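# Understanding the architecture of this molecule
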Amino acid sequence: MAGHEGAQIALAQHYRTGDIVAQDLVQSYAWFNIADSRGAANASVNREIVAGLLSGEQLNQAQTLSSQIYQKVSREAPPEPVIQGGSLRNILASSVDPLAGLPQYVPPSVAGAAGNTNLVSFSPLMGRNFTIPGLELEMIWIPAGKFMMGSPASEPNRMDRETHHEVTLTKGFLVGEI
Amino acid sequence: MTNVSWYDAVAFCQKLGESTYIKGNIPFGYRYKLPTETQWEYACRAGTTTAFHFGATLQKGQANFNKHVNKTQPVGSYPANQWGLHDMHGNVWEYCADLYCAYPSGRVVDPAGPSTDSNRVIRGGSWNNFGMRCRSAYRHETTTRSRLNGSLGLRLSLRPE
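The sections below set out a description of the structure shown in this document. From a predicted model like this one, the values you see are computed outputs, not experimental measurements.

### Considerations on the overall build of chain B
Broken down by element type, chain B carries 2 helices and 7 strands. Across the 161 residues of chain B, 57% fall into the buried class. Partitioning the contacts of chain B with sequence separation of at least 6, the portion at a separation of at least 24 is 73%. Per element, the accessible surface of chain B, about 6,300 Å² overall, is 50% carbon and sulfur.

In structure tokens:
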């Protein structure tokens, strides 16, 4: 894994957000820095955002850790080749990012701490549509809400398995227009 | 997209999810996935309570069904529902994330459905189905490897995990 900048950025993100590993901004900085050294897009700006959250001592630790990791991973495999293509099959087979060009998501607290107005900060209640580049697929925002799922007994051709019941969706989501 | 199996559909969502997560392009806690059956019906209904989001019946010019055209049509060829979604009724069946199971009779909040590997729910009916199978509430199920001869596809969702 350590040879691939995509995985390095993913790891850095995990350390930054603390979603599946304990949050560790020193580790996060180190992995963004490694990914940047290998040419990964967005790595440097993310590294600087994380750097803004570190104390001077933590920054020194992060840079030391980064160089230790760098010496280890630079002996490992080169990045995976990239194949261009837009079809489902090609996207599945390739390492192209079909969403390149989308606004970059940054948690509001991080964006604010960095004072960086170029980064889009949208919350899980973002409430807006967007187009997936490459797929050219418009994603439609569906608001949270409550509805009756299934069919009423009066509906023609209904089936028993369509038991009418109330469902609440507490979070909005997006679905493809088509 | 048509002619995909449930596994193809899930793999596609995961691929999108990896690349977007890496770039930090999706909100925290959200992932590209197939919609749950609940989300599918909620999105299809768009606030309506009738058999179809168009009303009590489905007309020839509103959706691709009942072999009026006898093949799939380019997506977006028919009118959208009130939330701007096309082809919720007819054209191709759409995979949901959920395993088929009986509905509860009481109120539920954010149901996810079981996730063990068995038959999956498909929704919306296709070009070769009668209107009753294209209803907002109609539930069908199929195996995870089925492609239903090109009448089965997917609708992408970006939703909370």
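### Points about helix H2 (residues 37–45) of chain B
All names here are of chain B. Among the 9 residues of H2, 9 are classified as buried, and the element is accordingly described as predominantly covered. Of all the positions in H2, only Glu-37, Thr-38, Gln-39, Trp-40, Glu-41, Tyr-42, Ala-43, Cys-44 and Arg-45 are classed as buried. Looking one or two residues past H2, Ala-46 carries a phi angle of roughly 45 degrees, positive in sign.

### With respect to the pattern of salt bridges
All names here are of chain B. Tallied over the entire structure, the rule returns 10 salt bridges over all chains. Arg-123 is the partner of Glu-37 in a salt bridge, and the nearest nitrogen-oxygen pair spans 3.1 Å. A residue pair is termed long-range when its members are at least 10 positions apart, and Glu-37 in helix H2 and Arg-123 in strand S4 (residues 120–123) qualify at 86 residues. Here Glu-37 matches Arg-123 in class, with each residue buried. Glu-41 is paired through a salt bridge with Arg-45; the nearest N and O atoms lie 3.0 Å apart. Remark: Arg-45 and Glu-41 occur in helix H2; sequence separation between them is 4 residues, near one turn of the helix.

### Section: the sheet that holds strand S5 (residues 173–176) of chain A
Spatially, 5 strands are ordered S1(A)-S2(A)-S5(A)-S7(B)-S1(B) in an open sheet, and the strand pairing comes out antiparallel. Each edge of the open sheet carries a strand with a single partner, namely strand S1 (130–132) of chain A together with strand S1 (30–33) of chain B. The average angle at which neighbouring strand axes cross in this sheet is 30 degrees, direction not considered. Sheet analysis places S1(B) next to strand S7 (residues 157–160) of chain B, joined by 4 bridges and oriented antiparallel. Each bridged residue has a counterpart across the sheet, and for Tyr30(B) the counterpart in S7(B) is Pro160(B). Each of strand S2 (137–142) and S5 of chain A together with S7 of chain B is contacted by H2(B), which is oriented at about 75 degrees to S5(A), the strand it contacts most.

Conventions adopted
- Residues numbered from 1 in each chain as written.
- Chains lettered and ligands numbered in written order.
- Predicted model: local features only at pLDDT ≥ 70, side-chain atom pairs only at ≥ 80, totals over all residues.
- Heavy atoms only, no water.
- Helix = DSSP H or I, 4+ residues; strand = E, 2+ residues; numbered from the N terminus.
- Buried < 20%, exposed > 50% of the residue type's maximum accessible area, 1.4 Å probe, protein only.
- Contact = heavy atoms within 4.5 Å.
- Areas by Shrake-Rupley, 256 points an atom, 1.4 Å probe, with all protein chains shown as cover.
- Salt bridge = Lys/Arg side-chain N within 4 Å of Asp/Glu carboxyl O.
- Pairing = 2+ DSSP bridges.
- Axes fitted to C-alpha atoms, helices over the stretch in contact; angles between N-to-C directions.

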